[in-house]
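# Residue-level structural notes
What follows is the residue order along each chain.
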Amino acid sequence: MSEILIRHKKLKRVAGPGGIRLVCSHQLEEVSNLLKLALLSVLIIFTLTSAPSVAARPHTLCFDTRGQPVTEKSAIHHCVEALLPDNAKLEWSALISTMPGTLGNEIYATGSMKKHQFSPSTIARTASTTADPIGALPINLPLLDKLTAQAFGKEERVTVMRLPDNTLSIHCRDGNQPAGVTLSSMDGRFPEGAKGILALLGQADLGFKWGIAPQGRDARLLEQIVPSQSREFSSHISLDRIRSVISNERSSVVILCPQQSATLITRGIELHPEQSTSTDLRSAWVWNATLWRENPDQLLVDAAAVSVQRLYIALSIAPEGERIEDDAALSRFVARASNAGIAVWAVEGDPGMAGPNGRRHALLRQIAIRRYQASVSSTARLAGIQYDIEPYLLPEYAKQPDWVAKEWTQTVRVLSEGGELELDFVLPFWLPQSPLAKTVLDEIRQAASSITIMAYRTASDDIQKAAEPLLAWGIKHTVPVHIALEAGPLPDEMTQYYMAVQQGLPAELWLVPKSDRTLALRLDQPSLLAQGVGYKETRQQIAPANRVSFLGDHARMLRVSDQLQTAFSAWSSYAGMAFHGLLE
């Protein structure tokens with residue numbers, strides 16, 4: 001049976017179970033909209049049921065003053081409430097300075113593995129991409145094996161070959177056009193402040209010249225190669241001359257052919273100090289005070305066995321900060337060390353000393369040391385105080401480096417006002433490239449009797465690259481510089497990188513605002529949290545500990561130190577080596 005529904009003039013035929021009927025177009029639009037709404041409802045239900053669960057339970061998490069998690073509450077600990085999802089486990093957490101997150105923002109967490117569990121020490125934004133600073137070329141180490149040889153010349157009259165013993169054979173045929181070989185690209189720049197020479201060694205016929213070419217430019221400072229009767233030659237160009245035309249950029253060595261047929265064999269290209277003098281002062285840390293209190297004679301025997309002439313020792317100072325505990329034992333030890341030709345310094349250090357409260361505590365401790373100095377004979381007096389503060393380990397550094405720099409300089413200023421004590425400040429090798437550099441170094445320049453660089457690397461060229469910027473700074477400001485190496489136990493360092501995700505998407509890492517701090521929560525699987533910004537892990541990097549520490553291999557550390565002492569003599573600011581983990 002047919003049915004006619006008339007509401008508007010425009011009708012359409014619609015097939016149905018009762019035959020054909022006429023339906024208006026307006027009614028069809030209503031039916032279409034109802035179908036769309038039904039499909040949308042089904043889609044929403046499907047999405048909600050398939051999304052990760054957001055069911056969560058409250059947990060209390062407590063942290064120490066450095067933002068590291070603790071298992072027991074204490075009056076000095078900071079505790080916060082966190083809603084953790086039921087379907088995920090907490091892998092690690094930290095309480096850091098306020099860090100608002102934005103989509104696409106990358107952050108990193110650096111730390112180490114402890115009992116198979118990652119423990120972050122730093123969480124910060126990844127710095128904007130910039131070109132890496134060019135490191136300094138090493139002194140007294142071969143450069144030839146790192147150079148790529150390329151013949152040039154329109155007449156194509158040059159043949160160059162690398163021989164099995166890593167020497168280079170260059171043969172030039174007769175010709176009138178300029179020709180030769182470019183040895184590029186030296187992986188670094190010429191070191192700042194060093195007095196030295198770039199030497200080219202080998203055998204050659206008459207007529208060759210060599211020089212230095214800034215990257216992409218013609219050769220400069222051309223020197224005539226003058227071989228002996230046996231064809232041996234050694235030619236050099238001073239670093240002062242090189243730096244007068246090339247600064248802070250990579251360069252190449254260029255060897256120019258004579259017009260007549262000739263052969264040159266290059267055996268080596270190296271940087272050497274202008275004068276190979278050796279400053280052999282060795283220092284070592286003794287953080288364990290029981291070593292000098294309970295067995296002082298053995299400590300001095302151990303120090304003498306490795307030619308240590310200076311000790312940085314930790315002191316026990318009464319809680320009220322008025323006096324050194326065991327001052328009688330200290331005076332006996334310092335006097336014995338003095339008789340053995342070993343100077344004794346106090347070592348003080350804690351990141352908190354950069355803040356107002358820690359600064360007051362540091363000053364009280366210094367006052368106690370001054371009182372000790374005034375109460376003992378000259379042979380029992382400490383030679384100075386070394387401050388190993390390292391305030392960049394504070395949680396505030398990631399968010400407020402300028403504030404940390406200002407507070408650190410204030411501490412340096414206050415501690416230097418005592419006047420009569422020699423002061424040494426321990427600095428990280430990367431300080432010249434950090435936001436702290438100008439503010440902190442300007443103050444240290446005025447306060448320090450010397451500085452010690454934590455050039456914690458184990459390869460000779462890496463140690464030189466780490467130390468060079470502050471060695472050059474020491475020359476400019478007439479500040480003696482000690483170079484420190486590490487031999488203590490260290491774990492491999494891991495860095496995890498994360499990228500912020502869109503709101504509503506699951507993520508492994510969450511940054512949750514908590515008053516004036518940010519709570520970092522790393523879950524074992526992507527999950528949704530009711531609050532905060534989610535970050536998805538993108539990659540990991542591992543820095544092996546044996547690149548930073550000699551890991552108890554004292555013999556190897558001392559061998560590397562001996563090699564470095566001659567190289568470091570190229571800088572007039574170099575004052576000796578210091579060793580962490582050598583006597584403990």
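Rules used in this analysis
- Residues numbered from 1 in each chain as written.
- Predicted model: local features only at pLDDT ≥ 70, side-chain atom pairs only at ≥ 80, totals over all residues.
- Heavy atoms only, no water.
- Axes fitted to C-alpha atoms, helices over the stretch in contact; angles between N-to-C directions.
- Helix = DSSP H or I, 4+ residues; strand = E, 2+ residues; numbered from the N terminus.
- Parallel < 35°, antiparallel > 145°, perpendicular 65-115°, else oblique.
- Left-handed = near helix turned anticlockwise from the far one by under 90°.
- Contact = heavy atoms within 4.5 Å.
- Polar contact = N/O pair within 3.5 Å; in protein donor to acceptor, adjacent residues only side chain to side chain.
- Pairing = 2+ DSSP bridges.
- Buried < 20%, exposed > 50% of the residue type's maximum accessible area, 1.4 Å probe, protein only.
- Disulfide = S-S within 2.5 Å.
- Nonpolar A, V, L, I, M, F, W, Y, C, P; charged D, E, K, R; others polar.
- Core = buried A, V, L, I, M, F, W, Y, C linked by side-chain atoms within 4.5 Å.
- Phe/Tyr/Trp six-rings, centres within 6.5 Å; stacked < 30°, edge-to-face > 60°.
- Lys NZ or Arg CZ within 6 Å of the ring centre and 35° of its normal.

What follows is about the packing of helix 4 (residues 296-305) against helix 5 (residues 327-339). Two elements in contact, helix 4 and helix 5, have axes whose closest approach is 10 Å; the angle formed by their N-to-C orientations is 30°. Taken together, the axis directions place helix 4 and helix 5 in an arrangement best described as roughly parallel. Here helix 4 runs over helix 5; the crossing is right-handed. Each of Pro-296, Asp-297, Leu-299 and Leu-300 in helix 4 lies in contact with helix 5, whose residues at this interface are Phe-333, Arg-336 and Ala-337.

Here we take up the environment of Ser-449. Note on placement: Ser-449 falls in the loop between helix 9 (437-447) and strand 24 (450-454). Along the sequence, Ser-449 and Glu-422 sit 27 residues apart, while their C-alpha atoms lie 5.7 Å from each other. At 3.1 Å, the side chain of Ser-449 forms a polar contact with the side chain of Glu-422.

The next thing to look at is the side chain of Arg-189. Along the chain, Arg-189 turns up in the loop between strand 12 (180-184) and strand 13 (196-204). One polar contact links the side chain of Arg-189 to the main-chain carbonyl oxygen of Ile-134, over a distance of 2.8 Å. A distance of 2.8 Å separates polar atoms of two side chains, one belonging to Arg-189 and the other to Glu-468. Once residues within four sequence positions are removed from consideration, Arg-189 is found in contact with Ile-134, Gly-135, Ala-136, Leu-137, Asn-248, Glu-249 and Glu-468.

A few words on the sheet that holds strand 22 (residues 384-387). Around the barrel, which closes on itself, the eight strands sit in the order 19-20-21-22-23-24-25-30 with parallel pairing between neighbours. This sheet shows a mean twist of 25° between the axes of neighbouring strands, independent of strand direction. Of the strands in this sheet, strand 23 (423-428) and strand 24 touch helix 9, which is tilted by about 155° from strand 23.

A few words on unusual backbone geometry. Its identity is not glycine, yet Ser-307 carries a phi of approximately 60°, on the positive side. Its relative accessible area of 42% is what places Ser-307 among the partly exposed residues. Of note in this structure, Glu-390 is not a glycine but carries a positive phi near 55°. The topology assignment puts Glu-390 in the loop between strand 22 and helix 7 (396-399).

Now for the state of the cysteines. The full count for this structure, using the stated rule, is two disulfides. Paired by a disulfide, Cys-62 and Cys-79 hold their sulfur atoms 1.9 Å apart. An S-S torsion of about 105° defines the bridge between Cys-62 and Cys-79 as right-handed. Pair noted here: Cys-62 is in strand 3 (residues 56-63) and Cys-79 is in strand 5 (residues 78-85), with a separation of 17 residues, a long-range link. Taking the relative accessible area as the measure of exposure, Cys-79 reaches 33% and is therefore partly exposed. Shown here for the protein chain is a disulfide pattern of 1-2, 3-4, where each number marks a bonded cysteine counted in sequence order.

What follows is about the packing of helix 8 (residues 401-415) against helix 9. Closest axis-to-axis distance for the helix 8/helix 9 pair is 9 Å, and the angle between their directions is 5°. Comparing the axis directions of helix 8 and helix 9 gives the class roughly parallel. Contacts between helix 8 and helix 9 involve Ala-405, Trp-408, Thr-409, Val-412 and Arg-413 from the former and Thr-439, Val-440, Glu-443, Ile-444 and Ala-447 from the latter. Across the contact of helix 8 with helix 9, the residue classes break down as six nonpolar, two polar and two charged.

Nonpolar side chains tend to gather and get buried jointly when the protein is soluble and globular. Of all hydrophobic cores here, the largest spans 126 residues; its most connected members are Leu-198, Leu-311, Leu-315, Ile-451, Ile-483 and Phe-568. Apart from the residues lying within four places of it in its own chain, the contact partners of Leu-315 are Trp-292, Ile-324, Leu-330, Ala-346, Arg-365, Ile-369 and Leu-382. Ala-82, Ala-88, Leu-521 and Leu-529 belong to the second largest nonpolar core, which has 15 residues in total.

Burial of strand 26 (residues 493-500) is extensive: six of the eight residues sit out of reach of the surface. Where strand 7 (residues 106-114) meets strand 26, seven bridges bridge the pair, whose relative direction is antiparallel. The residue of strand 26 that forms the bridge with Tyr-108 is Tyr-497. In this structure, strand 26 lies alongside strand 29 (residues 533-543), joined through eight bridges in antiparallel fashion. Residue pairing for strand 29: Thr-495 is matched across the bridge by Gln-541.

The buried category is assigned to Glu-390, whose relative accessible area is 18%. Residues within four places of Glu-390 in sequence aside, it is in contact with Pro-351 and Met-454.

Residue position: Ser-234 is located in strand 16 (residues 232-238). Residue classification places Ser-234 among the exposed positions, given a relative accessible area of 56%. For the pair Ser-234 and Ala-199, spaced 35 residues apart in the sequence, the C-alpha separation amounts to 6.8 Å.

The tally for this structure, following the rule as stated, stands at nine aromatic pairs. For the pair Phe-568 and Tyr-574, a centre-to-centre distance of 5.4 Å together with 35° between the ring planes defines the contact as tilted. The pair formed by Phe-568 and Tyr-574 is uniform in burial state, with each residue classed as buried. Three or more aromatic residues joined by ring pairs form one cluster here, namely Trp-285, Tyr-312 and Trp-345. The ring centre of Trp-292 lies 5.8 Å from the NZ or CZ of Arg-293, which sits over that ring.

What is shown is where atoms sit, not what they do.
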